[in-house]
Amino acid sequence: MKFSVVTILPELIEPALAAGVVGRARDAGVITVETVNPRDFTSDRHRTVDDTPYGGGPGMVMKPEPLLAAIASASGGSTPEASAADGTPTPRAHRVLLTPAGRPLTQARVRELAQRPHLVLVCGRYEGIDERVIELAIDEEVSIGDYVLSGGELGALVVIDACARLVPVVLGEATSADDESHSAGLLEYPHYTRPPKLVADRDGEKVELEVPAVLASGNHAAIAAWRRAQSLQRTATRRPDLYARHRLTDAEKKLAPPPLHARTHLALVHHPVFDRTGKIVTTSLTNFDIHDLARSTMTYGLAAYHIVTPVTSQREKAAHIASLWLEDPDTKAAARKPPKSGSRAGALALIRTADAIETVVAELTAEYGTAPLVVATSARSDSFPGAPRRSPTELLAEASLDPAPMLLVLGTGWGLADHLIPSVSRLLAPIEGASDWNHLSVRSAGAILLDRLFGRPPEER
Ligand code: 4FV
């Protein structure tokens, strides 16, 4: 495979390709790299390659004539018109401009580019190049990322490196590239090598870091499963965009815990909450909150809805209202459905009562064998200062692959008394409308949050 780099700074290209995998590939003649300098195609005494922009504005623009001549020269005999003596057309050089305005470079694009026998990589400098050069002599514009470089050379090097390692014989082991397409679309699992126990210093403290036991087990199936689970988990938390596009294979579905909605619990907290003056109070039950949030709980497939109040008579009243509602034949049929997943929670009553949020946490810990992720909601972004704030998408990515249950905590009155609820470890970003007036009822806020977390977007219906 041949790369021709059109650049006014050829000295940036050569040293970066001298060593490592790419250097060996060049030594072996598997790839060749040449540079072509537009300055060599100028005719004035100063060898001028730039000029001021029409329309004004800062910086300079690369002028078309030397650049066009350099691209034509770099493309050599492999222009579309060129053909061998016997008339068979020679493969055309593919001319790529490196620019932040180009199509983002992905591994899929790299695989396509690596099929080409000859890539001409055109590097801009200054503000960019005259648009007519793109029209006349560029086949494709490529960006290596959403940032602005001082020139396209680093982009060209990125393209060369990524393509070169896909050219047969370049990679030492045939499996290295295989493995990647295998886990295509997911981030790689973590790697370890010896020693098994690494003794090191972390911020002045001595720590011992061990290699995960499964990797030394010799059990190849268990190792493969662990690696795949790590890949999925990392992708979900670090790159929710990639994860959303990934179609789980049957094997991957088995590795994933039951769907998050089926192990998500809603809690409506009547104490401790603030009143309008900031005092800690206990609010009264409301019939509407019990009914409407129970309906939302059912609609979005949650495990249960917990009504939390320290007042015994209020819990009895809540249980009574719930029993009336659950007596309704339609509700009964839906609420008694066995859980889809292995969770035990679905088998319990949909509406439950508790004296305190800590009681709910203890119940869920006992039921699931692991403590819930406790997520508070608030209209104020400054409540629960110790808990990281999450958008619904971020929360989904974080919680979906962790088998722990999730407890979504809704406040009443003027909101949850944050300093009195230490089990909260995440805060959902407040719902914001188009106005500054932010006083949704807890029934509305709950429904909106559940739809953002678990509602199927209209375009997927
Ligand atoms: C770039 C990128 C990039 C901007 C002005 C060239 C420079 C100069 N290339 N991905 N991002 N290029 O910033 O590929 O003309």
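Keep in mind that this is a model prediction, so the values were computed, not measured. (Residues numbered from 1 in each chain as written. Predicted model: local features only at pLDDT ≥ 70, side-chain atom pairs only at ≥ 80, totals over all residues. Heavy atoms only, no water.)

**Considering the overall build of the protein**
Assigned secondary structure in the protein consists of 15 helices and 18 strands. Looking at the 461 residues of the protein, the share that counts as buried comes to 41%. In the protein, once contacts between residues fewer than 6 apart in sequence are set aside, the share between residues at least 24 apart is 76%. Of the roughly 25,300 Å² of accessible surface on the protein, 54% is carried by carbon and sulfur atoms. (Helix = DSSP H or I, 4+ residues; strand = E, 2+ residues; numbered from the N terminus. Buried < 20%, exposed > 50% of the residue type's maximum accessible area, 1.4 Å probe, protein only. Contact = heavy atoms within 4.5 Å. Areas by Shrake-Rupley, 256 points an atom, 1.4 Å probe, with all protein chains shown as cover.)

**Side note on the site of the ligand**
Around the ligand sit 16 residues, and of these T99, I144, G145, Y147 and L149 come closest. Interatomic distance of 3.3 Å between a backbone N/O atom of T99 and a nitrogen atom of the ligand. Contact with the protein chains hides 95% of the accessible area of the ligand, taken as 370 Å² for the molecule alone. For the shell around the ligand, the secondary structure elements donating two or more residues are strand 5 (94-104) and strand 7 (140-143). When residues of the shell around the ligand are assigned to their parent elements, the largest contribution, three residues, is made by strand 5. Here the residues of the shell around the ligand sort into eight nonpolar, seven polar and one charged. (Near = heavy atom within 4 Å. Polar contact = N/O pair within 3.5 Å; in protein donor to acceptor, adjacent residues only side chain to side chain. Nonpolar A, V, L, I, M, F, W, Y, C, P; charged D, E, K, R; others polar.)

**Side note on the packing of helix 14 (residues 392-400) against helix 15 (residues 442-454)**
Helix packing geometry: the angle between the two helix axes and the distance between the axes. One way to put it is that helix 14 packs onto helix 15 with a least axis distance of 9 Å and a crossing angle of 55°. What the angle tells us is that helix 14 and helix 15 run oblique. Regarding helix 14 and helix 15, the two cross each other, and that crossing is right-handed. Between helix 14 and helix 15, the contacting residues are P392, L395 and L396 on the first element and R452, L453 and F454 on the second. Looking at the contact of helix 14 with helix 15 residue by residue, the class counts come to five nonpolar, no polar and one charged. (Axes fitted to C-alpha atoms, helices over the stretch in contact; angles between N-to-C directions. Parallel < 35°, antiparallel > 145°, perpendicular 65-115°, else oblique. Left-handed = near helix turned anticlockwise from the far one by under 90°.)

**Things to note about the confidence of the model for the protein**
Chain-level pLDDT for the protein is 90 on average; 90% of the residues reach the 70-or-more range. Confidence drops under a pLDDT of 50 for residues 338-348, and excluding neighbours within four residues, the segment shows 15 contacts in the predicted structure. (pLDDT = per-residue confidence, 0-100.)

**Quick notes on the sheet that holds strand 15 (residues 373-377)**
If you walk across this open sheet you meet the seven strands as 14-13-10-17-15-18-16, and the pairing is parallel. A single partner strand is all that each edge strand has here, and the edge strands are strand 14 (351-354) and strand 16 (389-390). Where strand 10 (residues 264-269) and strand 13 (residues 304-308) come together, five bridges link them in parallel fashion. Its bridge partner lying in strand 13, L268 is registered against I307. (Pairing = 2+ DSSP bridges.)

**A short note on the sheet that holds strand 2 (residues 32-36)**
Here we have five strands laid out as an open sheet, ordered 2-1-6-5-7, and parallel in their pairing. The open sheet has two edge strands with one neighbour each: strand 2 and strand 7. Strand-to-strand twist of the sheet, defined as the mean angle between neighbouring strand axes without regard to direction, takes the value 35°. Across the sheet, helix 2 (residues 64-75) lies against strand 1 (2-6), strand 2, strand 5 and strand 6 (118-123), angled at about 160° from strand 6, the strand it touches most. Lying over the sheet, helix 5 (residues 153-164) contacts strand 1, strand 2, strand 5 and strand 6, oriented at roughly 160° with respect to strand 6.

**Re the pattern of salt bridges**
One pass over the structure, following the stated rule, counts 20 salt bridges. Where D139 meets R92, a salt bridge forms, and the shortest distance between an N and an O atom there is 3.0 Å. With a gap of 47 residues between them, D139 in the loop between helix 4 (131-137) and strand 7 and R92 in the loop between helix 2 and strand 5 connect regions that are remote in the sequence. With relative accessibility at 31%, the residue D139 sits in the partly exposed group. (Salt bridge = Lys/Arg side-chain N within 4 Å of Asp/Glu carboxyl O.)

**Re helix 13 (residues 357-368)**
Counted at 1.5 Å a residue, the expected span for helix 13 with its twelve residues is 16 Å, and the 17 Å between its end C-alpha atoms agrees. Against the buried residues of helix 13 lie strand 10, strand 13, strand 14, strand 15 and strand 17 (406-411). At the exit of helix 13 stands G369, carrying a positive phi of roughly 75°. (Expected span 1.5 Å × (residues − 1).)

**A look at the nonpolar core**
Of all hydrophobic cores here, the largest spans 33 residues; its most connected members are L266, Y305, L395, M406, L408 and F454. Considering every element that reaches this core, the biggest residue donor is helix 15, with six residues. Non-local contacts of F454, meaning those with residues more than four positions away in its chain, are made with L260, H261, T264, Y300, L302, L396 and M406. Counting 26 residues, the second-largest nonpolar core is a separate cluster that includes V33, V142, C163 and V167. (Core = buried A, V, L, I, M, F, W, Y, C linked by side-chain atoms within 4.5 Å.)

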